[in-house]
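# Results of the structural survey
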Amino acid sequence: MNDAVLVLNAGSSSIKFALFSAADPESAPLIKGRIGGIGRAPDFSARDADGVELAEDGLIAIDTTAGHGELTTRLLEWLDDHDNSLNLIAAGHRVVHGGQSFAAPAMITADVMSKLQKLVTLAPLHQPHNLAAVDAVSERMAGLPQVACFDTSFHRTQPRLAQLFALPRELSDQGLIRYGFHGLSYEYIASVLPDHLGDGANGRVVVAHLGNGASMCAMKERQSIATTMGYTALDGLMMGRRCGAIDPGVILHLVNGMGMSPAEVERLLYQKSGLLGVSGISNNMQVLQESAEPNAREAIDLFCYRAAGQLGMLATALGGLDAIVFTAGIGENSSTVRQRICDRLTWLGVELDVEANQTNATKISRPEAAIEVLVVATNEEQVIAKAALGLVGAPG
Ligand code: ADP
């Protein structure tokens with residue numbers, strides 16, 4: 001039997017999963033895949049460690065009405081059918097919100113679940129799905145140790161000022177603070193920084209996680225000291241569908257002036273804004289880059305303008321800048337976006353090597369530049385697998 005750790009990342013409309021060998025969690029996952037289009041037109045794909053497509057050998061039974069819990073159950077059944085030599089020894093979950101109390105991964109117990117349930121209001125679009133996946137695993141595999149890994153934990157090292165809103169003190173005391181997200185991605189990048197920067201890894205680094213969701217993290221000594229997302233994952237950078245930082249007066253106007261309901265405003269800010277809202281074409285950066293429409297170009301321009309601006313803010317929090325790391329779908333693949341952001345930062349000492357950037361090389365800054373710029377692929381799943389193994393104990 002092959003001892004393995006199942007990693008589940010239940011997002012708003014997808015469940016991503018990966019199965020890691022317990023003996024060698026740093027290798028490519030044994031199986032990796034996703035169920036996408038949940039609630040609309042669900043689809044399932046899975047690949048083995050060599051990238052060979054596996055989904056055809058036993059299509060998972062899904063229907064359009066199935067929710068995250070039911071689909072997790074289908075997935076567990078598929079895994080069972082697919083390879084019965086696998087012996088699951090733990091499941092690790094990405095959980096968006098750990099509030100103020102979870103600064104590290106936690107073994108899931110009834111008590112932990114009830115605490116996580118209370119945080120649903122802080123991340124209503126993600127947390128319920130994360131918890132539904134935990135419940136589905138408990139039901140089908142009673143007794144399997146489950147571990148929650150939080151997107152917020154990495155930021156709990158931030159100084160108090162970086163976490164405070166300028167709101168009445170009693171609200172901050174009630175937990176209305178800046179939590180920050182994408183912490184599992186930042187933890188992975190922090191763990192591999194010495195491979196790329198040597199001693200410089202402990203310097204002043206901004207990591208730009210640019211995917212569908214996008215944020216940046218300022219790190220000193222590989223710890224978070226500031227980030228662009230706040231109380232929710234809506235703040236900060238412009239994203240695929242989310243607006244990012246916005247004048248709160250606009251929201252008051254939407255409600256009081258235009259009579260929109262809170263649910264309509266939520267949908268506008270989370271689903272209809274960002275690249276999609278500005279372009280009117282797509283939330284997908286690649287699609288926009290291939291479009292000749294002026295509105296697509298303007299959406300990309302705004303994305304880069306705002307990203308460069310927020311990077312400047314983080315450089316101020318750091319008191320200077322030694323390195324920038326681009327990661328996630330856009331950060332790892334879009335030389336255009338990296339170039340446009342960096343072009344706005346030449347005053348800081350950023351100078352790209354055009355050819356290295358175009359080929360997605362790891363180091364894309366010029367050798368003589370004051371600031372090193374890197375492209376590093378993130379691996380949130382591996383962080384979760386290692387955390388789960390750390391808590392359940394590696395097999396003896
Ligand atoms: P998620 O937040 O869903 O994990 P990803 O990190 O996969 O998102 O990033 C998705 C984004 O990356 C999309 O906007 C997609 O267009 C963009 N992307 C992926 N590949 C490329 C590419 N070659 N050029 C430009 N953008 C890309």
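Higher on the page you've got the structure.
Values in this document were obtained by computation on a predicted structure and should not be read as measured data.

About the cut-offs
Along each chain, residues carry numbers from 1 onward, in the same order as the chain's sequence is written. For this predicted model, a pLDDT threshold of at least 70 governs which residues receive local features, and a threshold of 80 or more governs which side-chain atom pairs are given and counted, while totals over whole chains, interfaces and linings are taken from all residues. As a convention, hydrogens and water are excluded, and side-chain values are obtained from all of the structure's heavy atoms. For the purposes of this section, nonpolar cores are sets of buried Ala, Val, Leu, Ile, Met, Phe, Trp, Tyr and Cys residues that join through side-chain atoms within 4.5 Å. Throughout, exposure labels follow a simple rule: accessible area from a 1.4 Å probe, protein chains only, divided by the maximum for the residue type, with under 20% read as buried, over 50% as exposed, and the rest as partly exposed. Strands here are runs of E lasting at least two residues and helices are runs of H or I lasting at least four, both read from the DSSP assignment and numbered beginning at the N terminus. Contact criterion: two residues are considered in contact whenever any of their non-hydrogen atoms come within 4.5 Å of each other. To estimate how far a helix should reach, multiply one less than its number of residues by 1.5 Å. The rule for a residue being near a molecule or strand is that one of its heavy atoms must lie within 4 Å of it. Polar contacts here mean pairs of N or O atoms no more than 3.5 Å apart (in protein, one a potential hydrogen donor and the other a potential acceptor; neighbouring residues in sequence count only if both atoms are side-chain atoms). For the area figures, the Shrake-Rupley method with a 1.4 Å probe applies, and any residue is considered shielded solely by the protein chains shown.

Judged by nonpolar contacts, the single largest core of 45 residues is most densely connected at Leu210, Phe303, Ile324, Phe326, Val337 and Ile341. Broken down by secondary-structure element, the contributors of at least two residues to this core are β8 (204-210), β9 (214-220), β10 (223-227), α10 (285-289), α11 (294-318), β11 (323-327), α13 (335-343) and β12 (372-375). Per-element tally for this core: the top contributor is α11, with eleven residues. Core analysis: the next-biggest nonpolar cluster, separate from the first, contains 33 residues, Ile89, Val325, Ala387 and Leu389 among them.

Moving on: the environment of Ala385. Assignment of secondary structure puts Ala385 in helix α15 (residues 380-392). For the pair Ala385 and His97, spaced 288 residues apart in sequence, the C-alpha separation works out to 18 Å. Apart from residues lying up to four places away in sequence, Ala385 is in contact with Val5, Val7 and Phe20.

So, about α15. In a regular helix each residue adds 1.5 Å, so 13 residues correspond to 18 Å; α15 covers 19 Å between its end C-alpha atoms and thus fits that length. Where α15 ends, the next residue or the one after it, Gly393, has phi of about 90°, a positive value.

The next point concerns the site of the ligand. Neighbouring residues of the ligand: 14 residues in total, closest Lys16, Asn284, Met285, Gln286 and Gly329. Contact between the ligand and Lys16: an oxygen atom at 3.0 Å from a side-chain N or O atom of the residue. Met285 is positioned such that a nitrogen or oxygen atom in its backbone is 3.0 Å from an oxygen atom of the ligand. When the free accessible area of the ligand is taken as 580 Å², the share hidden by the protein chains comes to 72%. Put simply, the parts of the chain that give the shell around the ligand at least two residues each are α10 and α12 (328-333). The greatest single-element share of the shell around the ligand, amounting to four residues, is contributed by α12.

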